[in-house]
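One letter stands for each residue in the lines below.
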Amino acid sequence: MPQPKRDPAALDAWQDPSARPFLEIRNVTKVFDGGTYAVDDVSLSIFKGEFFSLLGASGCGKSTLLRVLAGLERPSHGRVLIEGEDITELPPYERPVNMMFQSYALFPHMTVEQNVAFGLKQERLGRGEIRERVAEMLELVRMTEFARRKPDQLSGGQRQRVALARSLAKHPKLLLLDEPLGALDRKLRERTQFELVNIQERVGTTFIMVTHDQEEAMTMSTRLAVMDAGRILQVGTPGEIYEYPGSRFVAEFIGAANVFEGRVVEAQDELLVIQSDATGGEIAMYHAQPLTVGTPVSVALRPEKLRVVEAPPADGRNWVRGRVREIGYLGDVSIYHVATEQGQTVQVQVTNRARRTAGPLTWDDTVCLAWDTEAGVVLTA
Amino acid sequence: MSGPEVTATGSTRLRRGIDRGVKSLTQGRLGRALVIALPYAWLLLFLLVPVFIVIKISLAEMALASPPYSPMLQWLEGRTLALRVHLGNYAFLWQDPLYLAAYLNSLKVAAVSTIICLLIGYPMAYGIARASPSWRIVLLMMIILPFWTSFLIRVYAWIGLLQNNGLFNNLLMGLGLIDQPLPLLHSNFAVYLGIVYSYLPFMVLPLYATLVRQDLTLLEAAADLGCPPWKSFLTITLPLSLPGVIAGSLLVFIPAVGEFVIPDLLGGPDSLMIGKILWNEFFSNRDWPVASAVAVAMLVVIVIPLLLLQRIGERQTAGESR
């Protein structure tokens, strides 16, 4: 999937140690009445102009965290600061923050125009200015011709755009989006992803989006945070998260991963040699942090980083033998499920370079899978 | 030889036939028509026909006969069929200020009672709709509970509470707040009290039904857009509950206009209401034609505001439905 083009200056705000974060979440915890920790000691810094995603399965606390930022939930502990100003105690209607709700929450008794104007009216702006701003917003989401319609006369995609226009109309410093594309069908969702990123670039507002769709998060975000059970597991750019997952959970949650467990038997500088029962041999892999011999580790390998080879590599490392069990033909690529002799199923992705309907491999073929020393990640968690 | 087989297929065929019949009854056009036609036939027979009989009587003259009014159709000299329409009763209603005053007073009492019911009922319905689900059941039960006693008995009970040596007066005098009993009973106050008390559930229940269905994320969205809670009540909650307000108001207003029992039992000589006039015309004066004219005029008086409100309600729900 192509990545939307981004302004390079906005990309590395979080890499600049002197940059002041725009939004700071400090040790926020939200405990619900039953004693469940929906959000558990979360700290995050988000910079101006970012498109930040909170990614996780349903019930991981990402929506609760978003509602804390909107002021719809009060955190049990912790503070929220925008540009250094503590907004933890501010009610939602006094925050410089707007939210686009998952259900869109459009007012059914108001027209599109009135919905978009609602927030502006609360600011007691002049009538002319409100009209101007509404027109500008409807133009932005290409809904001008539907201004006089009521929400029930719109399609799902149109409602989504009205909700976006309404939440952007007040020029908030921070826009929160709760599963903004969740209710759209696949084709529309893909188109809207780019549109949303383009709009974000144009208005320059900081966006925080909650999503359970990892592809969506990868495509749209400048950075993302993977959440599980109320905690943040990893924060990084889509590339960092995909190529350098910090834990087995992240590796398996973002994309597919083949994980081989083993034990470090040799550690020379950054090159580790791992004895793995799962491959029945040794795995050599680079790892930045020093590890002592004997540490139990797992090695995560993405399906596209495995190669189907005729014979095991000469050095006898970094390979596994198995039998093809399933073939998933996706057109551009094929996914093979290979059952190893050690009893694990390994996914391997092969690009279909030549045009043919039947691949070079077929069911029950015995194959060797090999990989490079830079192909995988060594995980200790 | 093949006897038992034949009976077997015969019985399955029969059963299939019955199944198909039941299916067509419940799913088919015939079934749907029947389900709709039965209640309509009932309404036609016991509502529309009597209304036409009343209209017919209202166009007759009083007569010392049984029934006590002149016939509408009559054979003259055996050959000609005469149709006699007598509009005098309606003219009489218009000329005698008593009737007009009674109509206006009925409308006033009904309107004021409806507004009071709305003012009391809306917060109640709102409170119930926003309560926790387990509390909701208890609170709704308390609204419905009075229906388990007869309406008449409940109105009678107010006599015991309001009369000169009733509970309220005794309590107030016991506390030394008043020296003489307050004339609570047989007053307009008692009529309002009785109507509001009796019809409050009819206001609360439809209001509750619309309020409990409301999407609370709309209020969150309003707050998010900078609208404080009091204002979001006025701009979101209240307009969206308008269908409930209209339904509840009609359920209170319509029966209150024609209310007879409450003004008769709790009202005084000056609480003139059209229901009471109707009763007097019918049973004291035994003037069936005038009584029928009073009834028909009342119907018109009620139907006009009803149609107006219905129109508003339809427009509102049309905008709300998705």
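As the structure is a prediction and not an experimental result, all values here were calculated from the model.

Caption draft 1: Representation of the overall build of chain B. In terms of helices and strands, chain B carries 14 helices and 2 strands. Burial analysis of chain B (322 residues in total) assigns 27% to the buried set. Once local pairs closer than 6 in sequence are excluded, the contacts in chain B between residues at least 24 apart make up 69%.

Caption draft 2: Inspection of the domain arrangement of chain A at higher detail. All names here are of chain A. Assigned domains of chain A: these are domain 1 (8–96 + 172–249) and domain 2 (256–379). Its C-alpha centre places domain 1 at a distance of 34 Å from the equivalent point of domain 2. Each partner contributes to the interface: domain 1 provides 4 residues, whereas domain 2 provides 5 residues. Taken together, the residues that form the side of domain 1 that touches domain 2 break down as 2 nonpolar, 1 polar and 1 charged.

Caption draft 3: Structural view of the interface of chain A and chain B. With 19 residues of chain A in contact, the opposing surface of chain B contributes 17 residues. It is helix H3 (residues 112–122) of chain A that provides the largest number of residues to the side of chain A that touches chain B, a total of 3 residues. Split by residue class, the side of chain A that touches chain B holds 10 nonpolar, 5 polar and 4 charged.

Caption draft 4: Local environment of the nonpolar core. Ranked by internal contacts, the top residues of the largest apolar core, which has 104 residues, are Ala165(A), Leu176(A), Ile208(A) and Val226(A). Those residues in contact with Leu176(A) that lie beyond four places of it in its chain are Leu66(A), Leu69(A), Ala70(A), Val97(A), Met99(A) and Ile208(A). The next biggest cluster of nonpolar side chains, apart from the first, holds 52 residues, and it includes Tyr99(B), Leu193(B), Ala293(B) and Val294(B).

Caption draft 5: Examining the sheet that holds strand E15 (residues 307–309) of chain A more closely. Residues and elements named next belong to chain A. One open sheet accounts for 5 strands, arranged E15-E19-E16-E17-E18; its pairing is antiparallel. Taken across any chain shown, the strands that pair with only one partner, and hence form the sheet edges, are E15 and strand E18 (345–351). Within this sheet the neighbouring strands show an average axis-to-axis angle of 50 degrees, counted without direction. Pairing of strand E17 (residues 333–340) with E18 involves 7 bridges; the strand directions are antiparallel. Paired with Val-333 across the strands is Thr-351, a residue of E18.

Caption draft 6: View of the confidence of the model for chain B. All names here are of chain B. Counting all residues, the mean pLDDT for chain B is 86, and 90% of those residues have values of 70 or more. Within chain B, the element-level pLDDT minimum falls on helix H1 (residues 3–26), averaging 59, and the maximum on helix H9 (residues 217–224), averaging 96. Low pLDDT (under 50) marks residues 1–8, which in the prediction has 0 contacts with non-local residues, meaning those over four places away or in another chain. This prediction of the complex comes with two scores: 0.81 for pTM and 0.85 for ipTM.

Caption draft 7: Local environment of the environment of Val338(A). Residues and elements named next belong to chain A. Along the chain, Val-338 turns up in strand E17. For Val-338 and Gly-294, which are 44 residues apart along the polypeptide, the C-alpha to C-alpha distance reads 29 Å. In contact with Val-338, not counting residues within four places along its chain, are Gly-322, Arg-323, Val-324, Arg-325, Val-346, Val-348, Val-367 and Leu-369.

Caption draft 8: Layout of the pairing of strand E3 (residues 51–55) of chain A. Residues and elements named next belong to chain A. For E3, the buried fraction is high: 5 of the 5 residues fall into the buried class. Alternating residues of E3 divide into Phe-51, Ser-53 and Leu-55 and Phe-52 and Leu-54, and every residue in both groups is buried. Pairing geometry for E3 and strand E8 (residues 206–211), over 5 bridges, is parallel. Residue pairing for E8: Ser-53 is matched across the bridge by Met-209.

Caption draft 9: A look at the sheet that holds strand E2 (residues 37–46) of chain A. All names here are of chain A. An order of E2-E1-E4-E5 is seen for the 4 strands of this open sheet, with the pairing classed as antiparallel. Unpaired on one side and paired on the other, E2 and strand E5 (85–86) mark the two borders of the sheet. Strand direction decides the pairing type here: strand E1 (residues 23–31) and strand E4 (residues 77–82), joined by 5 bridges, are antiparallel. Paired with Arg-26 across the strands is Arg-79, a residue of E4. Relative to the sheet, helix H2 (residues 62–70) contacts E1, E2 and E4, its axis offset from that of E2 by approximately 60 degrees.

Conventions used here
Residues numbered from 1 in each chain as written. Chains lettered and ligands numbered in written order. Predicted model: local features only at pLDDT ≥ 70, side-chain atom pairs only at ≥ 80, totals over all residues. Helix = DSSP H or I, 4+ residues; strand = E, 2+ residues; numbered from the N terminus. Buried ≥ 20, exposed ≤ 12 C-beta atoms within 10 Å, placed from the backbone. Contact = placed C-beta atoms within 7 Å. Domains from an automatic or database assignment. Nonpolar A, V, L, I, M, F, W, Y, C, P; charged D, E, K, R; others polar. Core = buried A, V, L, I, M, F, W, Y, C linked by C-beta atoms within 7 Å. Pairing = 2+ DSSP bridges. Axes fitted to C-alpha atoms, helices over the stretch in contact; angles between N-to-C directions. pLDDT = per-residue confidence, 0-100.

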